[in-house]
Amino acid sequence: MKRLNLTNRQEGHQRRNRIISNTVTYVILVLISIIWVFPFVYLLLQSFRGESTGVVGYLLPEEWTFDNYIALFNFNDQYPFIRWYLTTLMIAVITCFFQTILVLMVSYALSRMRFKGRQGIMKMILVIGMFPGFLSLIAVYYVLRQINMIGNPFGLILVYIAGSAMSYYIVKGFFDTVPHALDEAAMIDGANRNTIFWKIILPLSKPIIIYTILTSFVAPWGDFMMSSYLLGNNADNWTVAIGLQNWLTGNNGQNLSHYFTRFCAGAVFTSIPIVIFFFCLQRYYVEGVTGGAVKG
């Protein structure tokens, strides 16, 4: 009986400790979530502020208005937000299309084919990928200047697409989970590598294709450093990231605080497609990162 009571007390202590531990974990996660969400809530609330267009020291607007969003569509303004938006969309869509195809092809080749130098290529790409992209800015700038592509959005697209193979490792890991028996069976039936890739592997790889599309679209959509360096001072060729930054600092560094609420509205408007895109495809995104195509 004493041993049974002791066991019950130990189980009670373990249960209480587990409850306390879970409670502390939930509290910490809630606090982290609040800290993470606060900047987005702040941007959203400030975008509806109507009593002042500058930076203020309070959170909730005293006067609510849609004027900041309406101002984004002012085509006669010296800061053409819609033009920036369409330019960014064009860059992101073209980059996404070509980058997705190139990443899938390179990943399939490294996953399925065995050739001399394969391991060396993969290691070289991984090592180069450890260095931040801005280290190559000066070299890239002079190369694009030689072909008259500075200030041209298609020059920026060329730079984005040129580094596509650097993102092969996650997609290759997914392709590694597809049984090689499928390739062998297809080859016995007379299929070549091209047919296997397009008609067998890709239909089984929807999650990783969605993942690649998302990452390929989001990167150029929000890029500031590379685009600001390569697109020059012509406001008509800017992307959204460059334009929004210039609403806060101005072309010559002067303070444009009266554009702050419009900046918030622009930031919210720019984030809407990404949020919708991500939530619609979230299930495939998670599967692409954590799962495989076929087990067996």
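Let us look at the structure shown here. (Residues numbered from 1 in each chain as written. Predicted model: local features only at pLDDT ≥ 70, side-chain atom pairs only at ≥ 80, totals over all residues. Heavy atoms only, no water.)

### Let's talk about helix α5 (residues 137-146)
Within α5, the full set of buried residues consists of Leu137, Val140 and Leu144. All buried residues of α5 project into a common sector of 65 degrees when viewed along the axis, lining one side. α5 presents Ile138, Val143 and Gln146 as exposed residues on the side facing more than 90 degrees away from its buried surface. Of the surrounding elements, those touching the buried residues of α5 are α6 (153-162) and α11 (225-230). Looking one or two residues past α5, Asn148 carries a phi angle of roughly 55 degrees, positive in sign. (Buried < 20%, exposed > 50% of the residue type's maximum accessible area, 1.4 Å probe, protein only. Helix = DSSP H or I, 4+ residues; strand = E, 2+ residues; numbered from the N terminus. Arc of directions from axis to C-beta. Contact = heavy atoms within 4.5 Å.)

### Let's talk about the nonpolar core
Of all hydrophobic cores here, the largest spans 39 residues; its most connected members are Phe81, Trp84, Leu156, Met226, Leu230, Leu244 and Trp247. Put simply, the parts of the chain that give this core at least two residues each are α3 (81-112), α5, α6, α10 (206-222), α11, α12 (240-249) and α13 (260-290). Leave out the neighbours within four places in its chain, and Leu230 touches Val140, Tyr141, Leu144, Ile150, Gly151, Leu156 and Val159. Among the nonpolar cores identified, the runner-up in size contains 16 residues, and Val103, Tyr108, Phe175 and Ala191 belong to it. (Core = buried A, V, L, I, M, F, W, Y, C linked by side-chain atoms within 4.5 Å.)

### As for the environment of Thr53
With respect to the helices and strands, the residue Thr53 is situated in the loop between α1 (2-47) and α2 (67-71). Considered as a pair, Thr53 and Phe260 are 207 residues apart in the sequence and their alpha carbons are 5.9 Å apart.

### Section: the layout of surface pockets
Estimated volume of the largest pocket: approximately 1000 Å³. Every residue lining the largest pocket is counted, 37 residues in all, and those nearest its centre are Gly133, Val159, Tyr160, Gly163 and Met166. Counting only elements with at least two residues in the lining of the largest pocket, the list comes to α3, α4 (118-129), α5, α6, α7 (168-176), α10 and α11. Considering each element in turn, the lining of the largest pocket owes the most residues, six residues, to α10. Per-class residue counts for the lining of the largest pocket are 25 nonpolar, eleven polar and one charged. One number sums up the size of the second largest pocket: a volume of about 480 Å³. Elements that contribute at least two residues to the lining of the second largest pocket include exactly α1 and α13. Considered class by class, the residues forming the lining of the second largest pocket number 13 nonpolar, one polar and no charged. (1 Å grid on protein atoms, 1.4 Å probe; cavity = no way out; pocket = protein on both sides within 12 Å on 5 of 7 lines; lining within 4 Å. Points joined across faces, edges and corners; volume = space filled by probe spheres on them. Nonpolar A, V, L, I, M, F, W, Y, C, P; charged D, E, K, R; others polar.)

### Comments concerning the side chain of Gln46
Its place among the elements puts Gln46 in helix α1. With residues near it in sequence (within four places) discarded, Gln46 still touches Val56, Tyr58, Leu59, Asn68, Phe260, Thr261 and Cys264.

### Brief notes about the side chain of Thr100
As for its position among the elements, Thr100 is in helix α3. At 2.6 Å, the side chain of Thr100 forms a polar contact with the backbone oxygen of Cys96. Apart from residues lying up to four places away in sequence, Thr100 is in contact with Thr95, Thr212, Ile213 and Ser216. (Polar contact = N/O pair within 3.5 Å; in protein donor to acceptor, adjacent residues only side chain to side chain.)

### Thoughts on the pattern of salt bridges
Applying the stated rule across the entire model yields four salt bridges. Taking the shortest distance from any N to any O, the salt bridge between Asp236 and Arg83 comes out at 4.0 Å. Highlighted residues: Asp236 in the loop between α11 and α12 and Arg83 in helix α3, separated in sequence by 153 residues. The partner of Asp183 in a salt bridge is Arg112, and the shortest N-O contact between them spans 3.0 Å. Here Arg112 lies in helix α3 and Asp183 lies in helix α8 (residues 180-188), a separation of 71 residues in the sequence. (Salt bridge = Lys/Arg side-chain N within 4 Å of Asp/Glu carboxyl O.)

### Some remarks on the packing of α3 against helix α9 (residues 193-201)
Contact geometry for α3 and α9: axes closest at 12 Å, N-to-C directions at 110 degrees. Relative to α9, the element α3 lies roughly perpendicular. In the crossing of α3 with α9, the sense of the turn from one axis to the other is right-handed. Contacts between α3 and α9 involve Leu104, Met105, Tyr108 and Arg112 from the former and Arg193, Ile196, Phe197, Trp198 and Ile201 from the latter. (Axes fitted to C-alpha atoms, helices over the stretch in contact; angles between N-to-C directions. Parallel < 35°, antiparallel > 145°, perpendicular 65-115°, else oblique. Left-handed = near helix turned anticlockwise from the far one by under 90°.)

### Re the packing of aromatic side chains
All told, the structure shown has 24 aromatic pairs when counted by the stated rule. For the pair Tyr85 and Phe269, a centre-to-centre distance of 5.2 Å together with 50 degrees between the ring planes defines the contact as tilted. Here the residue Tyr85 occupies a position in helix α3, and Phe269 occupies one in helix α13, the gap between them amounting to 184 residues. Consider the rings of Tyr141 and Tyr142, whose centres lie 5.7 Å apart with planes at 90 degrees: the pair is edge-to-face. (Phe/Tyr/Trp six-rings, centres within 6.5 Å; stacked < 30°, edge-to-face > 60°.)

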